Amino acid sequence: MAVSGVAALLAALGGALWLAARRFVGSSVPRLHGGADAGLMRGKTVLITGANSGVGRATAAALLRLGARVIMGCRDRARAEAAAAELRRDLRRDGDPGLDPGLDPDGGAGELVVKELDLASLRSVRAFCREMLQEEPRLDVLINNAGVFQCPYMKTEDGFEMQFGVNHLGHFLLTNLLLGLLKSSAPSRVVVVSSKLYKYGDINFEDLNSEQSYNKSFCYSRSKLANILFTRELARRLEGTKVTVNVLHPGIVRTNLGRHMHIPLLVKPLFNLVSWAFFKTPVEGAQTSVYLASSPEVEGVSGKFFGDCKEEELLPKAMDESVARKLWDISEVMVGIVQ
Ligand SMILES: NC(=O)c1ccc[n+]([C@@H]2O[C@H](COP(=O)([O-])OP(=O)(O)OC[C@H]3O[C@@H](n4cnc5c(N)ncnc54)[C@H](OP(=O)(O)O)[C@@H]3O)[C@@H](O)[C@H]2O)c1
Ligand SMILES: *[C@@H]1O[C@H](CO)[C@@H](O)[C@H](O)[C@H]1NC(C)=O
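Residues numbered from 1 in each chain as written. Chains lettered and ligands numbered in written order. Predicted model: local features only at pLDDT ≥ 70, side-chain atom pairs only at ≥ 80, totals over all residues. Heavy atoms only, no water.

Participant: In this structure, what is going on with the overall build of the protein chain? I would like to understand it.
Facilitator: Along the protein chain, the regular secondary structure elements total ten helices and eight strands. A total of 339 residues make up the protein chain; the buried ones form 49% of that total. For the protein chain, contacts bridging at least 24 residues in sequence account for 79% of all contacts bridging at least 6. (Helix = DSSP H or I, 4+ residues; strand = E, 2+ residues; numbered from the N terminus. Buried < 20%, exposed > 50% of the residue type's maximum accessible area, 1.4 Å probe, protein only. Contact = heavy atoms within 4.5 Å.)

Below, the structure written as structure tokens:
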């Protein structure tokens, strides 16, 4: 008994050490920020939706360090201002990794700007874009990052199923209204944050608002498949404009995305341990977004799917051109771009 007790204890200890080692040895995902890349984004304006939390926030931090002017498009001004204040504080604390201040009077880092944007409201998207077009002379990178994951059945202000409405339709209108600014700033980039869970979705045109039946997992996957089809159709439409658009999956990342998941109290410590050991940190999860937004390696690349800063294959259903076109046409009608 005693022997097996000791063995179990040792096994548990070994497991914990292994998990800790995994955490601290770090990931194999390439890091972009660092001396060589400092200033890479200087003079460039980047808009990130949902930049106050998780992957979006880490993306904002990284691009800020590369010198970009980062506009945080967020639905809650107070949460966004708090996140911006923390990012600025982190930057001051860590020191500016930019160029030698003696050589560069502006310092290396860029600036953060908070603007209100609720993707669950077409009125808010339109108001946001009006302000963008009035105040911003250029837009070099748009990162469609905000997302809702497996919420209970809810509708947006305009009556769309929430996940399809925010993850796809809100971003669809946003991108279309900013396309002129992106084109006049070319070469410019659109980066779309999707998920590997797109595999479990389908575009069921007969019930896009899920009024006949609602399955929260299916609707999340459907919205993430829509992100990919949107990317591919937009890339096709933008051929020859020097505006590129690519889509990515960030991996499994420890963020606030699971806010609608109900984990039983007793399972919570185990879940926390597993997520701490195996999930990416937001900084790791943001690497592919930062790569697609800034790396010279993907200059001119468009319509592709990425994970861990590398191109990946898509299932045929995510490459179906006729579904992509039909989704585009219906989305135009749904958001009121065309009647
Ligand atoms: N975490 C993962 O494992 C994982 C895996 C695959 C894909 N992704 C994708 O990664 C992206 C970022 O998610 P995350 O993991 O970083 O989650 P997160 O921490 O929950 O961040 C999501 C962001 O989206 C914002 N948002 C939600 N609804 C919005 C609306 N109506 N209008 C404007 N902004 C809204 C949230 O704002 P509030 O803070 O105000 O709620 C938050 O800033 C999502 O597109 C998600 O689908 C994540
Ligand atoms: C909900 O959708 C998911 C993903 O498409 C599927 O695996 C699951 O079986 C569905 N659940 C129900 C109750 O239909």
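Participant: When you look at unusual backbone geometry in this model, what are you seeing that I'm missing?
Facilitator: Glycine aside, a negative phi is what most residues show, and trans is what most peptide bonds show. Note that the residue after Ala186, namely Pro187, is joined by a cis bond; omega there is 5°. The phi torsion at Asp308 lies on the positive side, around 45°, for a residue other than glycine. With respect to the helices, strands and loops of the structure, Asp308 is situated in the loop between β7 (305–307) and β8 (310–312). The class of Asp308 is partly exposed, set by a relative accessible area of 30%.

Participant: Just checking my understanding: could you explain the site of ligand 2 for this structure?
Facilitator: Taken together, Tyr200, Asn215 and Phe218 are the residues near ligand 2. Between Tyr200 and ligand 2, the recorded distance is 3.0 Å, taken from a backbone N or O atom to an oxygen atom. Between Asn215 and ligand 2, the recorded distance is 2.4 Å, taken from a side-chain N or O atom to an oxygen atom. Contact with the protein chains covers 35% of the free accessible surface of ligand 2, which is 360 Å². (Near = heavy atom within 4 Å. Polar contact = N/O pair within 3.5 Å; in protein donor to acceptor, adjacent residues only side chain to side chain. Areas by Shrake-Rupley, 256 points an atom, 1.4 Å probe, with all protein chains shown as cover.)

Participant: Could you clarify how one ought to interpret the site of ligand 1 in this entry?
Facilitator: Surveying the vicinity of ligand 1 reveals 29 residues, the closest of which are Asn52, Ser53, Arg75, Tyr220 and Thr255. Interatomic distance of 3.2 Å between a backbone N/O atom of Gly50 and an oxygen atom of ligand 1. Taking Lys224, its side chain carries an N or O atom lying 2.9 Å from an oxygen atom of ligand 1. Taken by itself ligand 1 offers 900 Å² of open surface, and the protein chains cover 96% of this. Class assignment for the residues of the shell around ligand 1 results in 13 nonpolar, eleven polar and five charged. (Nonpolar A, V, L, I, M, F, W, Y, C, P; charged D, E, K, R; others polar.)

Participant: Quick question: what am I supposed to make of the sheet that holds β8 here?
Facilitator: Two strands in a sheet stick together by hydrogen bonds in their backbones, pointing the same way (parallel) or opposite ways (antiparallel). Reading across from one edge, β3-β2-β1-β4-β5-β6-β7-β8 is the order of the eight strands in this open sheet, with mixed pairing throughout. Of all the strands in the sheet, the pair left with one neighbour each is β3 (111–116) and β8. Taken over all neighbouring pairs, the strand axes of this sheet differ in orientation by 25° on average, direction set aside. Strand direction decides the pairing type here: strand β4 (residues 141–144) and strand β5 (residues 188–193), joined by four bridges, are parallel. (Pairing = 2+ DSSP bridges. Axes fitted to C-alpha atoms, helices over the stretch in contact; angles between N-to-C directions.)

Participant: Sorry if this is basic, but what is going on with the pattern of salt bridges here?
Facilitator: A side chain with one charge may pair with a side chain of the opposite charge, provided their charged atoms come close. Under the defined criterion, the tally for this structure stands at 21 salt bridges. The residue Lys115 makes a salt bridge to Glu136 at a minimum N-O spacing of 3.9 Å. Taken as a pair, Lys115 in strand β3 and Glu136 in the loop between α4 (122–135) and β4 lie far apart in primary sequence, 21 residues in all. Summarising the burial analysis for this pair, Lys115 and Glu136 share the class buried. (Salt bridge = Lys/Arg side-chain N within 4 Å of Asp/Glu carboxyl O.)

Participant: Just to check I follow, could you spell out the packing of α4 against helix α5 (residues 162–184) for this structure?
Facilitator: The angle between the axes and the distance between the axes are what describe a pair of packed helices. α5 packs onto α4 with a crossing angle of 20° between their chain directions and a minimal axis gap of 10 Å. Classified by the angle their axes make, α4 and α5 are roughly parallel. Handedness of the crossing formed by α4 with α5: right-handed. Residues Leu122, Val125, Arg126, Phe128, Cys129, Met132 and Leu133 of α4 form the contact with α5, whose participating residues are Gly170, Leu173, Leu174, Leu177, Leu178 and Leu181. Each residue belonging to the contact of α4 with α5 can be placed in one class, and the counts come to eleven nonpolar, one polar and one charged. (Parallel < 35°, antiparallel > 145°, perpendicular 65-115°, else oblique. Left-handed = near helix turned anticlockwise from the far one by under 90°.)

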